[in-house]
Amino acid sequence: MTCRPGDLPPQRSRLAALLCLGGLGALIGGCVPAHRHPSWALYPLQRRVPHDGLAVVSQPDGYGLHLWLDTDTRQQGVCKPRWNPSPARLFNGNGTAPFSSGLATQQEFFAAVARPDVQRLLRRELEALCAARAPRSSFAWVEPPRRPQDIKPEAYPQLEEADLLSDPEAVLQQERKLLGEDPPMGPPPAGVP
């Protein structure tokens, strides 16, 4: 049995035509070159030590984010993520020598960390980073911020006077005392260095 357009009822004929056009549109839309689509490749990309960075290829041509991973060990026996929602811009993410330079937007960070595959790899890398930095501490997962309102500024301890540099003259006097030299009284005589 063959089917010709005149054999179908008018409603089915229109439906068949729409399905055919939709399929053709999807076929043509799928013919966009691969370099025009983000690959969403994810892999560890070290900054200084293993597990302290993650590459997320979120844009076409290998561009994306270089998430810098850090830990918070201020609570005794607990190691958890410390989030930096201002990631570096990733270049050549699909190539053989990816690198980062400059800053990407926070909106890109929020979009990336909302993906389950990114969260899985973030958790794995941060757990490994905690194991390296604080092996006796237990790992506690903290969700990454997803909106600007979720960002909490870090409160670092203030510097105390003991943390500041010592007075150079006082250091010199202590050195002379340790060496058994008498500290000079007042300024040195003229012509003596």
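Residues numbered from 1 in each chain as written. Predicted model: local features only at pLDDT ≥ 70, side-chain atom pairs only at ≥ 80, totals over all residues. Heavy atoms only, no water.

(A) Seen up close, the state of the cysteines. Taken as a whole, this structure holds 1 disulfide when the rule is applied. Each sulfur of the disulfide joining cysteine 79 and cysteine 130 lies 1.9 Å from the other. A torsion of -80° about the S-S bond marks the disulfide between cysteine 79 and cysteine 130 as left-handed. You can see cysteine 79 sitting in strand E5 (residues 78–82) and its partner cysteine 130 sitting in helix H3 (residues 116–133), a full 51 residues away along the chain. Each of the two residues, cysteine 79 as well as cysteine 130, counts as buried. (Disulfide = S-S within 2.5 Å. Helix = DSSP H or I, 4+ residues; strand = E, 2+ residues; numbered from the N terminus. Buried < 20%, exposed > 50% of the residue type's maximum accessible area, 1.4 Å probe, protein only.)

(B) Expanded view of empty space enclosed by the protein. Inspection of every chain in the model, using the stated rule, returns 1 cavity of 30 Å³ or more. Surrounding the largest cavity, Leu67, Trp68, Leu69, Trp83, Asn84, Phe109 and Leu122 form its lining. Looking at side-chain class alone, the lining of the largest cavity contains 6 nonpolar, 1 polar and no charged residues. (1 Å grid on protein atoms, 1.4 Å probe; cavity = no way out; pocket = protein on both sides within 12 Å on 5 of 7 lines; lining within 4 Å. Points joined across faces, edges and corners; volume = space filled by probe spheres on them. Nonpolar A, V, L, I, M, F, W, Y, C, P; charged D, E, K, R; others polar.)

(C) Quick peek at the sheet that holds strand E6 (residues 88–91). An order of E1-E2-E3-E6-E7 is seen for the 5 strands of this open sheet, with the pairing classed as antiparallel. Each of the sheet's edge strands pairs with one partner strand only, and the pair in question is strand E1 (42–44) and strand E7 (99–103). Between one strand axis and the next, the sheet turns by 30° as a mean value, whatever way the strands run. Across the sheet, helix H2 (residues 106–113) touches strand E2 (53–56), strand E3 (64–68) and E6, and the angle it forms with E3 is around 80°. Docked against the sheet, H3 engages E1, E2 and E3, running at close to 10° with respect to E1. (Pairing = 2+ DSSP bridges. Axes fitted to C-alpha atoms, helices over the stretch in contact; angles between N-to-C directions. Contact = heavy atoms within 4.5 Å.)

By themselves, these figures tell us nothing about what the structure is for.
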